[in-house]
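Reading the structure
Read off the chains here:
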Amino acid sequence: MPDWIAKLLQAWALVPAVPIPFAIAFVSIAAAISLAVGWSYRGVLSKRADRRLSNHGDRPGRATAEEENTDALERMVALTIGSRWTPLNEAEIAALSTRLTDIPKIRVQIMYENALGKELAQSFYEAFKLAEWGGAALGIGSGLGHGVTIGQGSGTATIALKSAIEATSQVKVAIVRPDKPQWPGVVFLAVGINSS
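Here we summarise the structure given alongside this text. Owing to the predicted nature of the structure, the values given are computational and were not obtained by experimental measurement.

What follows deals with helix 6 (residues 156-168). End to end, helix 6 covers 18 Å across 13 residues, agreeing with the expected 18 Å (1.5 Å per residue, within 8%). Here helix 6 has its buried residues at Ala157, Thr158, Leu161, Ala164, Ile165 and Thr168. Relative to the axis of helix 6, the buried residues are bounded by an arc of 135° and lie together on one face. Looking at helix 6, the residues exposed on the side facing more than 90 degrees away from the buried face are Thr156 and Ala167.

Okay, structure coming up:
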């Protein structure tokens, strides 16, 4: 057995007699080693980052590629989630409600695709309630597509409701499947994704 191991084993027997100085020495040595390794590692990372910047930072077209990635991400978000719809204001709700009183009342299912269209759907619902359309219902839907739509078909009620909404607000409404007959006694009004 080497001499230094024998001396270490002799000194180790003294540790139980003086545990506090041993603990302080052990923590101090561990902290010093940790600081040295951390400082060394930060230096390596800093050199790598500097090298990366010098190699790639001034490469032509780099900013353009990043801008294209950002634009692509923004387009994807606009198409899948959309942006917030502006709800009808009090004057628009009142004007729509007045126009709705002239239209024969049928059942209307008002739906919204996600939380970004909920306030607009609620403002439509409020106008129908003010016009005393007892068959108006509000709920969440899915697969409603883009924009505000009404349907199905191009029957009298569908066309009248589309005209009333467009005449009293900035909202544009598309008719779903205008080539088909209107469903009897029911129309849906859907607030889809706002991709604009």
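This is not the end of the story, as more comes after the structure.
Once that is clear, we can look at a negative patch on the surface. Together, Glu67, Glu68, Asp71 and Glu74 make up a region of like negative charge exposed at the surface. Relative to the assigned elements, Asp71 resides in helix 3 (residues 62-80). You can call Asp71 partly exposed: its relative accessible area is 37%.

Moving on to the packing of aromatic side chains. The geometry of an aromatic ring pair is captured by the separation of the ring centres together with the interplanar angle, meaning the angle of the planes. Counted under the stated rule, the structure contains 2 aromatic pairs. Arranged with centres 5.1 Å apart and planes meeting at 80°, the rings of Phe128 and Trp133 form a pair that is edge-to-face. Of the two residues, Phe128 and Trp133, both sit in the buried class. Here Trp183 and Phe188 contribute two aromatic rings whose centre-to-centre distance is 5.7 Å and whose plane-to-plane angle is 50°, an arrangement assigned as tilted. What makes Trp183 partly exposed here is its relative accessible area of 37%. Phe188 gets classed as buried once you look at its relative accessible area, which sits at 13%.

So, how was this worked out
Residues numbered from 1 in each chain as written. Predicted model: local features only at pLDDT ≥ 70, side-chain atom pairs only at ≥ 80, totals over all residues. Heavy atoms only, no water. Helix = DSSP H or I, 4+ residues; strand = E, 2+ residues; numbered from the N terminus. Expected span 1.5 Å × (residues − 1). Buried < 20%, exposed > 50% of the residue type's maximum accessible area, 1.4 Å probe, protein only. Arc of directions from axis to C-beta. Patch = residues over 30% accessible without salt bridge, like charges linked within 9 Å, V, L, I, M, F, W, Y side chains within 5 Å. Areas by Shrake-Rupley, 256 points an atom, 1.4 Å probe, with all protein chains shown as cover. Salt bridge = Lys/Arg side-chain N within 4 Å of Asp/Glu carboxyl O. Lys, Arg positive; Asp, Glu negative; His and termini not counted. Charge placed at Lys NZ, Arg CZ, Asp CG, Glu CD. Phe/Tyr/Trp six-rings, centres within 6.5 Å; stacked < 30°, edge-to-face > 60°.

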